[in-house]
Amino acid sequence: SSAEAKPEKINKNISFRPAFDSPIEQEKRPISVIYGWLVAKSRHIHKYGDFYLGKGFDVMHIKVKPLQLLWPTVAQGVISEALDFLGQEKRSKQPVLIHGFSVGGYLYGETQVKMLNDPKYKPVGKRIVGHIYDSPVGFSGIPEGVGNAVTPIPALQNLIRVTLENYLKLFYNQTTKHYLLSESTFKKNPLKVPSLCLYSKADPIGLAGPIEDLMKSMEENGTK
């Protein structure tokens, strides 16, 4: 079955799993793009991909490592490669469903920036039919969220949080302004497609307060 087949590795950050046993013909088959959470293992992300494969979707998995997250230009390069793949002529009629976990919200913000500002990626944006956000982490949640994701030790979590807060202040032009543009684009909800947001008030990484603020902003900007 498609779920048992070895994923096609596009690069160290992106893999693709075609639903070759889907009843839907390839050129019209939906693609689920899954943005993984920080330090996610492939076997964990693939469990969610298996769900979509079972529904006849092709699946693209995207994940970044903590150090890549801290250099937005690196994350942007990953996004460009994903959009190049989705923009291939043979995929030009396939609808796209976005499913972002945790920092996947930031990555999808970067994706929207590219789709809005680069003419070659705009056709991909027009194919997106829906969003699912699972505990999305925006700019304000990065320092605490990264610390909580990397270690369960409170003292180290606090050290990472303080270090990242100082890093973001020091490297505003190289990093922070990119995070802020990604988040503001995300909040503007430019594609206006149906969206579903899932979160838990007990989640130590995807904090409820910032997520609720994000949802409110998206509603004000016309989400369905």
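The structure displayed is predicted, hence computed values, not measured ones.

**Q** Any chance you could explain the packing of aromatic side chains here in plain terms?
**A** Given two aromatic rings, one states the distance between the centres and the angle between the planes to describe the pair. Tallied over the entire structure, the rule returns 10 aromatic pairs. Taking the centre distance of 4.7 Å and the plane angle of 50 degrees together, the rings of Tyr 133 and Phe 186 count as tilted. Of this pair, Tyr 133 sits in strand E6 (residues 128-134) while Phe 186 sits in helix H8 (residues 172-188), placing them 53 residues apart in sequence. We classify Tyr 133 as buried; its relative accessible area is 2%. Owing to a relative accessible area of 4%, Phe 186 belongs among the buried residues under this scheme. Members of the aromatic cluster, each reached through a chain of ring pairs, are Tyr 35, Tyr 108, Tyr 133 and Phe 186.

**Q** Mind showing me how you'd approach helix H9 (residues 208-220) here?
**A** Between the first and last C-alpha of H9 there are 18 Å, a value that for 13 residues agrees with the 18 Å anticipated at 1.5 Å per step. In this structure, the buried side of H9 is in contact with E6, H8 and strand E7 (195-198).

**Q** Which parts of the structure should I look at to understand the sheet that holds strand E3 (residues 31-35)?
**A** Backbone-to-backbone hydrogen bonds join strands into a sheet, with any given pair of strands oriented parallel or antiparallel. On the basis of which strands lie adjacent, the open sheet formed by seven strands has the order E1-E2-E4-E3-E5-E6-E7 and mixed pairing. Bordering the open sheet on either side are strand E1 (8-9) and E7, each of which pairs with just one other strand.

**Q** Looking at this structure, how should I read a positive patch on the surface?
**A** A surface patch of like charges, here positive, comprises Lys 6, Lys 9, Lys 12 and Lys 65. Relative to the helices and strands, Lys 9 is located in strand E1.

**Q** What should I look at first to understand the pairing of strand E5 (residues 96-101) in this one?
**A** Regular strands have side chains that alternate between both faces of the sheet. Most of E5 sits out of view: six of its six residues are buried. Across the two faces of E5 the burial is the same, with Val 96, Ile 98 and Gly 100 and Leu 97, His 99 and Phe 101 all buried. The pairing of E3 with E5 spans five bridges and is parallel. By the bridge assignment, Ser 32 is partnered in E5 with Leu 97. Relative to E6, E5 runs parallel, the two sharing six bridges. What sits directly across from His 99, in E6, is Ile 132.

**Q** Explanation requested: the nonpolar core in the structure shown.
**A** Grouped together as the largest cluster of nonpolar side chains are 41 residues, with contacts concentrated most on Val 33, Tyr 35, Met 60, Ile 62, Leu 69 and Tyr 108. Those residues in contact with Leu 69 that sit more than four places away from it in its chain are Leu 38, Val 64, Val 103, Tyr 106, Val 146 and Tyr 179.

Calculation criteria
Residues numbered from 1 in each chain as written. Predicted model: local features only at pLDDT ≥ 70, side-chain atom pairs only at ≥ 80, totals over all residues. Heavy atoms only, no water. Phe/Tyr/Trp six-rings, centres within 6.5 Å; stacked < 30°, edge-to-face > 60°. Helix = DSSP H or I, 4+ residues; strand = E, 2+ residues; numbered from the N terminus. Buried < 20%, exposed > 50% of the residue type's maximum accessible area, 1.4 Å probe, protein only. Expected span 1.5 Å × (residues − 1). Contact = heavy atoms within 4.5 Å. Pairing = 2+ DSSP bridges. Patch = residues over 30% accessible without salt bridge, like charges linked within 9 Å, V, L, I, M, F, W, Y side chains within 5 Å. Areas by Shrake-Rupley, 256 points an atom, 1.4 Å probe, with all protein chains shown as cover. Salt bridge = Lys/Arg side-chain N within 4 Å of Asp/Glu carboxyl O. Lys, Arg positive; Asp, Glu negative; His and termini not counted. Charge placed at Lys NZ, Arg CZ, Asp CG, Glu CD. Core = buried A, V, L, I, M, F, W, Y, C linked by side-chain atoms within 4.5 Å.

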